[in-house]
Amino acid sequence: MSVDHHCPVCRARFRGARVCSRCGADLGPLMGLAARAWRLRQQARQALERGDCVRALGLASDAQHVHRTPNGGSLQLLSAWLHAGRR
Ligand SMILES: [Zn+2]
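Residues numbered from 1 in each chain as written. Predicted model: local features only at pLDDT ≥ 70, side-chain atom pairs only at ≥ 80, totals over all residues.

Asker: Could you give an account of unusual backbone geometry, with specific residues and numbers?
Answerer: With a phi close to 70°, R11 is a non-glycine residue in the positive phi region. Secondary-structure assignment places R11 in the loop between β1 (5-6) and β2 (13-14). On the basis of neighbour counts, which here come to 11 C-beta atoms within 10 Å, the residue R11 falls in the exposed class. (Helix = DSSP H or I, 4+ residues; strand = E, 2+ residues; numbered from the N terminus. Buried ≥ 20, exposed ≤ 12 C-beta atoms within 10 Å, placed from the backbone.)

Asker: A description of the nonpolar core should follow, citing residues and the corresponding values.
Answerer: If you look at the biggest cluster of nonpolar residues, it comprises 10 residues: A37, L40, A44, C53, A56, L57, L59, A60, A63 and L75. Of all the elements in the fold, those that place two or more residues in this core are α1 (28-49) and α2 (53-66). The biggest single contributor to this core is α2, with six residues. Once you skip the residues sitting within four places of it in the chain, A63 turns out to touch A37, L40, R41, A44 and G72. (Core = buried A, V, L, I, M, F, W, Y, C linked by C-beta atoms within 7 Å. Contact = placed C-beta atoms within 7 Å.)

Asker: Lay out the packing of α1 against helix α3 (residues 70-86) with the relevant residues and their values.
Answerer: The N-to-C vectors of α1 and α3 enclose an angle of 30°; their axes lie 11 Å apart at closest approach. With respect to their mutual orientation, α1 and α3 come out roughly parallel. At the point where α1 passes α3, the crossing takes the left-handed sense. In this structure, α1 contributes A37, R41, A44 and L48 to the contact, and α3 contributes N71, G72, L75 and S79. Along the lines of polarity and charge, the residues of the contact of α1 with α3 split into four nonpolar, three polar and one charged. (Axes fitted to C-alpha atoms, helices over the stretch in contact; angles between N-to-C directions. Parallel < 35°, antiparallel > 145°, perpendicular 65-115°, else oblique. Left-handed = near helix turned anticlockwise from the far one by under 90°. Nonpolar A, V, L, I, M, F, W, Y, C, P; charged D, E, K, R; others polar.)

Here it is in structure tokens:
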């Protein structure tokens, strides 16, 4: 899993650290959310592989609500597009 975010307090970049190296903010809760969003996106990809675009769209949207990422946005768009194409 790759985590590459900015500290919510001082905007310093961090990768995988539980405490911000610049301001010492606790990044644990943020990383927990990022990990949860990552798992939802994985499940969305698996749903897409099964051809279940309705479920993929739901999972991708949930992931974006938990933690918004460009990748998640692409996944959400792709799921919505595939879903629309089947109607
Ligand atoms: Zn910080």
